[in-house]
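Each chain, letter by letter, is given below.
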Amino acid sequence: MFVTHLSLADFRSYTSVEVSLAAGVTVFTGANGQGKTNLAEAIEVLATLGSHRVASEAPLVRAGAERAVLRARVQAGATDTRSLLLELEIIPGRANRASLNRAPLKRPRDLLGALRVVFFSPDDLSFVKGDPAERRRFIDELTTARWPRLAGVRADYDRVLRQRSTLLKSLAGRGPRAVSEDAAATLGVWDEQLAAFGAELVAARLATISELQPLLSAAYADIAPTNNLAGLAYKSSTPIPAQATTADLVETLTQTMAQRRGEEIARGQCLVGPHRDDLSLSLGDLPAKGYASHGESWSFALALRLASFALLRSDGVEPVLILDDVFAELDEIRRSRLAELIRDAEQVLITAAVAADVPTSLAGTQFRVAAGSVTAA
């Protein structure tokens, strides 16, 4: 799939902009702060309903405007001319609205799956150098891209987690025997739901990591000239049986919550579940975090995205690949190797401050971005 047209109204720095796109490579160049990343981010938001740059929606709406409207025409493939029109209206403080081919959708998340994107940005260094929450975000976004229904599971899990955490906080400092029967019964209900939703999330993560690991190893070896044995494993806060089914995971989570109930009540925190898990990233025999150089960390983050791209492809989906200001951070060898790896992607969107940063082998459509306007270069 690829985007053939992007239309924005009151999104970020743009009052209004229309950009016609095509399959192949498109490069947006311009000085920093002119709006290149905003264009790429708009496509990310339409695909995932979120932005890697901000946690809230208010910054996505142009200052002084009440709402932002994003539209993209998406073609099924180079030899498949069927197309979809995706529309998303972002209204801070109110429910967003989405439509597909002008037909309103019941929920914005029903838009998920219509457009798949793999987006690499400098912020992805946090997957290697940052906290576990960043790595959980990476794997959860990838699993949702593969199976859009997991967006609902994640929302349900987060809702139950908040409610269970609120109850535990209200019981903090008590011993298990001091908890009333009503509170214990309510906690049991939340335990059951947390285990059910959590098991689905963990099962999806484990399945994805199993398939992602060999793709990551290959991608990192293709990019990095030395020390190129990259590893990926799931690091669970709960003992996971080998070859665990979803039912096994429900039982494991339920048993672990029962075993740690006294500790959870004493601390007033939810200590069991996928929100406590992490990904283990390694280079050779050493963990990537704390041991990888800056260049190796960049290569690892990029390999994670390239492996994600390959995994979505293996699922029968041709995602849009977006590289936001990536080449400036890579040396000449890594630039050349990356260019070779992405040349056959159906659509590649690249942003760069300087056109010379982009390898000549990625020659394609060129746009110049300046002061909120996008013109053919």
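Look up a bit, the structure's there.
Below, the structure is looked at part by part. (Residues numbered from 1 in each chain as written. Predicted model: local features only at pLDDT ≥ 70, side-chain atom pairs only at ≥ 80, totals over all residues. Heavy atoms only, no water.)

## Observations regarding the overall build of the chain
Step number 1: What the chain contains, in helices and strands, is 9 helices and 15 strands.
Step number 2: Computed over C-alpha atoms, the radius of gyration of the chain comes to 22 Å, within 12% of the 21 Å expected from 2.2 N^0.38 for 377 residues, which places it in the range of a compact globule.
Step number 3: Across the 377 residues that make up the chain, the buried fraction comes to 49%.
Step number 4: When the accessible area of the chain is evaluated, it comes to approximately 16700 Å², of which 51% is carbon and sulfur surface.
Step number 5: Averaging the locations of the 42 positively and 44 negatively charged side chains of the chain gives two centres separated by 4 Å. (Helix = DSSP H or I, 4+ residues; strand = E, 2+ residues; numbered from the N terminus. Rg over C-alpha atoms; globule rule 2.2 N^0.38 Å. Buried < 20%, exposed > 50% of the residue type's maximum accessible area, 1.4 Å probe, protein only. Areas by Shrake-Rupley, 256 points an atom, 1.4 Å probe, with all protein chains shown as cover. Lys, Arg positive; Asp, Glu negative; His and termini not counted. Charge placed at Lys NZ, Arg CZ, Asp CG, Glu CD.)

## Section: helix 8 (residues 294-314)
Step number 1: If you check helix 8, its first and last C-alpha atoms are 30 Å apart, about what 21 residues at 1.5 Å a residue would give, namely 30 Å.
Step number 2: Burial of helix 8 is extensive: 16 of the 21 residues sit out of reach of the surface.
Step number 3: Within two residues after helix 8, Gly316 carries a phi angle of roughly 95°, on the positive side. (Expected span 1.5 Å × (residues − 1).)

## Focus on the sheet that holds strand 2 (residues 14-20)
Sheet strands line up and pair through hydrogen bonds in the backbone, either parallel or antiparallel.
Step number 1: Here we have 6 strands laid out as an open sheet, ordered 2-1-4-5-6-7, and antiparallel in their pairing. At either margin of the open sheet sits one strand with a lone partner, and together these are strand 2 and strand 7 (103-104). (Pairing = 2+ DSSP bridges.)

## Looking at the packing of helix 4 (residues 150-171) against helix 5 (residues 181-223)
Step number 1: Relative to each other, helix 4 and helix 5 sit at 145°, their axes nearing to 9 Å. At the point where helix 4 passes helix 5, the crossing takes the left-handed sense.
Step number 2: Of the residues belonging to the contact of helix 4 with helix 5, the class tally is 15 nonpolar, 4 polar and 6 charged. (Axes fitted to C-alpha atoms, helices over the stretch in contact; angles between N-to-C directions. Left-handed = near helix turned anticlockwise from the far one by under 90°. Nonpolar A, V, L, I, M, F, W, Y, C, P; charged D, E, K, R; others polar.)

## Examining the packing of aromatic side chains
Step number 1: Following the criterion strictly, the structure yields 4 aromatic pairs and no others.
Step number 2: With centroids separated by 5.4 Å and ring planes inclined at 15°, the aromatic side chains of Phe28 and Phe367 adopt a geometry described as stacked. With Phe28 in strand 3 (residues 24-29) and Phe367 in strand 14 (residues 365-370), this residue pair connects regions lying 339 residues apart in the sequence.
Step number 3: For the ring pair Tyr220 and Phe300, a centre distance of 5.8 Å and an interplane angle of 55° mean the geometry is tilted. Note that Tyr220 is positioned in helix 5 and Phe300 in helix 8, a separation of 80 residues in sequence.
Step number 4: By relative accessible area, Tyr220 is classed as buried at 0%.
Step number 5: Taking relative accessible area as the criterion, Phe300 reaches 0% and is therefore assigned buried. (Phe/Tyr/Trp six-rings, centres within 6.5 Å; stacked < 30°, edge-to-face > 60°.)

## Brief notes about the pattern of salt bridges
Step number 1: Summed over all chains, the structure comprises 28 salt bridges.
Step number 2: The salt bridge partner of Arg82 is Asp80, with a shortest N-O separation of 2.6 Å.
Step number 3: According to the relative accessible area criterion, Arg82 is exposed, its value standing at 61%.
Step number 4: Salt-bridge contacts for Asp191 lead to Arg164; the nearest nitrogen and oxygen are separated by 2.6 Å. Here Asp191 is found in helix 5, whereas its partner Arg164 is found in helix 4, with 27 residues between them in sequence.
Step number 5: Assessed through its relative accessible area of 0%, Arg164 is described here as buried. (Salt bridge = Lys/Arg side-chain N within 4 Å of Asp/Glu carboxyl O.)

## Section: the environment of Val69
Step number 1: With respect to the secondary-structure elements, Val69 resides in strand 4 (residues 68-77).
Step number 2: With a relative accessible area of 19%, Val69 lands in the buried category.
Step number 3: Sequence separation between Val69 and Ile90 is 21 residues, and the spatial gap between their C-alpha atoms is 6.4 Å.
Step number 4: Excluding residues that lie within four positions of it along the chain, Val69 makes contacts with Ser7, Leu8, Ala9, Leu88 and Glu89. (Contact = heavy atoms within 4.5 Å.)

## Side note on empty space enclosed by the protein
Step number 1: By the definition in use, this model includes 1 cavity of 30 Å³ or more.
Step number 2: One number sums up the size of the largest cavity: a volume of about 60 Å³.
Step number 3: Val202, Ser236, Ser237, Thr238, Ile240, Leu249, Thr252, Leu253, Gly273, Pro274 and Asp277 together form the lining of the largest cavity.
Step number 4: Element by element, the count of residues in the lining of the largest cavity is highest for helix 6 (residues 246-259), at 3 residues. (1 Å grid on protein atoms, 1.4 Å probe; cavity = no way out; pocket = protein on both sides within 12 Å on 5 of 7 lines; lining within 4 Å. Points joined across faces, edges and corners; volume = space filled by probe spheres on them.)

## Quick word on the pairing of strand 12 (residues 320-324)
Step number 1: Buried residues dominate strand 12, accounting for 5 of its 5 residues.
Step number 2: With burial as the criterion, each face of strand 12 is covered, one bearing Val320, Ile322 and Asp324 and the other bearing Leu321 and Leu323.
Step number 3: Relative to strand 12, strand 8 (residues 117-120) is paired through 4 bridges, and the arrangement is parallel. Residue pairing across strands places Val117 opposite Val320, the latter belonging to strand 12.
Step number 4: Bridge count for strand 12 against strand 13 (residues 347-352) is 4 bridges, and the pairing is parallel. Bridged to Leu321 within strand 13 is Val348.

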